[in-house]
Amino acid sequence: MSYFSDIYNGIKTLLTGMRVTGKYFLTSRKGAITQQYPDNRETLKMFDRFRGEVIMPHDEENQHRCTGCQKCEIACPNGTIEIIWDRGIDEETGKKKKKIDQFVYHLSMCTMCGLCIDVCPTDAIEWGQNFENSVYDRAALTRVLNEPGSKLMPGVED
Amino acid sequence: METTTVNSNFKSEKYQINMGPQHPATHGVLNLLLTIDGEIIKKVEPDLGYIHRSIEKMCERDSYQQIVHLTDRMDYLSSNINNEAVCLTVEKALQLAIPERVKVIRTIIGELTRISSHCLWWGVMGMDVGALTTYFYGFRDREMINDIMEETCGARLTMNYNVPGGLMFDIHPNFVKRVKDFIAHFKTKLPEFDTLLTENIIFQKRTKGIGILTREDAISFGASGPVARASGYSCDVRKYHPYSALDRVTFKEALRTEGDTFARYSVRIQEMWESLSIVEQLIDNIPEGEHRVKTNAVIKLPKGEFYQKVETARGELGVYVISTGTKSPYRLKFRSPGFSNLSLLNHIAVGGKIGDLVATMATLDLVIPDIDR
């Protein structure tokens, strides 16, 4: 007899479970978490703190805040950041001062740990929201973050 | 090869098959070498090392701030708790006084991580025994926690939110509201988990009485977490060695005595309720204050050995550091729960069917990067 009662109980609990699924079947769009991703690119907004890639913001006069102190390069666990620097004459004081030539960022090696941005004394780098990084050639993932011809914002000291 | 004759016409013969490394039920790249006789399992030999990344060796070259982000990649489903373990070890060695605010936030985020990990496990557990719906429902509720994490920590899985000395940045203004929303939402969903899967007779028949682990075996195999607690071995690190803000909350340790697959399942379901209650107790009064204590840019631990253990979603994670006073550890050892829990798989799976092995493995809740490191 337990054979038939097992079948009965099995179907009964299946139907109990299907009450839950049936409820969601009827109210399917309410509370749906699926995002129609490639179609919603225009409206898709990531959270402010989302860690997509490291960027270096520049102002209207093509000035950045990086003094070339290399603290981010030391903090990075993977050798993602590579700063090529030089010494130039400071116009105000006339003394020799360190300045960056190229701020090279290897996105392909980055683990998005955020230690570089955490350690930066002048807030020169920050997180960008872009996360679409598929490229045909991995060399495209190596970027120079400072724009050509850019220079240090006056008044930024580390 | 050993041969036994059943009758004159049919021969029964032992043979070996590989389960994994690309088998969906192994939840990652784990290769199980099964010796089977028909459908009966005679021996299970786990073959490890497919994603060994030598994290412990990499720690020997990294600074203590850099070690934290590597632990995200061990047990990726409880990454915040792993981060906390390393930070607690460093803070213990430096004898840093951590602000109350940090302790409370760490505990809240740790318990949310545990719920999120168990949600994923519940979905995958159902899928392993043939119920696909649970997968979607588990991930739906997990998504809310992922959003909370993304808003506050900046990432959904590999958060790296803890730093030695506190938290990388303060919680997001929306954090408290979102967590409260989640608690209210999840309290209505957890009973549905029971209706859908726990009370299902077919599910119970598949899980009750298989993969039995006795209390003595659990202790001698070094099992921890829900696996050991389902065998009646009370071993919750949160209870016996409370860290962060766990000393000021009241919660019941989820304990079962049956030791079978269903008991391990029930323990995890109950743990989700307990974690919800911990978060509920703390979320209303997060103390004001600093979110970070200033540490030296180069952290040098004093000479000596330091050990700290925490309870991740899978069991006891221990961090053992030997320092010679330099900026990186001389040796760093992670005692990962997954490795010990995997070691008892052969013991409990022998004599069962292959289908039972899948259900048993699902309740061990293996995360392979945690085993291989």
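Just so it is clear, the model here is predicted, and its values are computed rather than measured.

1. Some remarks on the pairing of strand β9 (residues 331-335) of chain B
Residues and elements named next belong to chain B.
Step number 1: Here β9 shows a clear split, with Leu 332 and Phe 334 buried on one side and none of Arg 331, Lys 333 and Arg 335 buried on the other.
Step number 2: In this sheet, β9 lies alongside strand β8 (residues 316-323) in antiparallel orientation, the contact comprising five bridges. Bridge assignment links Gly 318 to a residue of β9, and that residue is Arg 335.

2. Observations regarding the interface of chain A and chain B
Step number 1: With 28 residues of chain A at the interface, the matching set in chain B holds 37 residues.
Step number 2: Counting the surface chain A buries against chain B, the share from its top three residues, Phe 47, Arg 49 and Arg 51 of chain A, is 28%.
Step number 3: Summed over the shared surface of chain A and chain B, the number is three salt bridges.
Step number 4: Of the charged contacts in the structure, one is a salt bridge between Asp 6 of chain A and Lys 205 of chain B, with a shortest N-O distance of 3.1 Å.
Step number 5: Our count for the contact surface shared by chain A and chain B stands at 19 residue pairs in polar contact (both at pLDDT 80 or more).
Step number 6: Counting residues per element, the side of chain A that touches chain B draws most heavily on helix α1 (residues 2-26) of chain A, which supplies eleven residues.

3. As for the pairing of strand β4 (residues 96-106) of chain A
Across a regular strand the side chains alternate sides, sitting on one face of the sheet and then on the other.
Residue and element names in this part refer to chain A.
Step number 1: Bridging between strand β3 (residues 81-89) and β4 involves nine bridges; their strand directions are antiparallel. When the bridges of β4 are listed, Arg 87 appears paired with Lys 98.
Step number 2: Where β4 lies against strand β6 (residues 142-144), three bridges are found, and the strand directions are antiparallel. Note that in β6 the partner of Val 104 across the bridge is Val 144.

4. Some details on the pattern of salt bridges
Step number 1: Tallying each qualifying case throughout the model produces 34 salt bridges over all chains.
Step number 2: Salt-bridge contacts for Arg 143 of chain A lead to Glu 53 of chain A; the nearest nitrogen and oxygen are separated by 2.3 Å. On the criterion of sequence distance, the pair formed by Arg 143 of chain A in strand β6 and Glu 53 of chain A in strand β1 (residues 53-55) is long-range, its members being 90 residues apart.
Step number 3: Arg 101 of chain B is the partner of Asp 170 of chain B in a salt bridge, and the nearest nitrogen-oxygen pair spans 3.2 Å. Here Arg 101 of chain B lies in helix α4 (residues 100-128) and Asp 170 of chain B lies in the loop between β6 (166-167) and α6 (175-198), a separation of 69 residues in the sequence.

5. Re the sheet that holds strand β7 (residues 304-311) of chain B
All names here are of chain B.
Step number 1: The strand order across the open sheet formed by three strands is β7-β8-β9, and the pairing between neighbours is antiparallel. Two strands lie at the open edges of the sheet, namely β7 and β9, each paired on one side alone. Taking each pair of neighbouring strands and ignoring which way they run, the sheet shows an average axis angle of 10°.

6. With respect to the domain arrangement of chain A
Step number 1: Entries for chain A in the domain assignment read domain 1 (2-34) and domain 2 (53-152).
Step number 2: Spacing between the C-alpha centres of domain 1 of chain A and domain 2 of chain A amounts to 55 Å.

Rules and cut-offs
Residues numbered from 1 in each chain as written. Chains lettered and ligands numbered in written order. Predicted model: local features only at pLDDT ≥ 70, side-chain atom pairs only at ≥ 80, totals over all residues. Heavy atoms only, no water. Buried < 20%, exposed > 50% of the residue type's maximum accessible area, 1.4 Å probe, protein only. Helix = DSSP H or I, 4+ residues; strand = E, 2+ residues; numbered from the N terminus. Pairing = 2+ DSSP bridges. Contact = heavy atoms within 4.5 Å. Buried area = accessible area lost by both parts, 1.4 Å probe. Salt bridge = Lys/Arg side-chain N within 4 Å of Asp/Glu carboxyl O. Polar contact = N/O pair within 3.5 Å; in protein donor to acceptor, adjacent residues only side chain to side chain. Axes fitted to C-alpha atoms, helices over the stretch in contact; angles between N-to-C directions. Domains from an automatic or database assignment.

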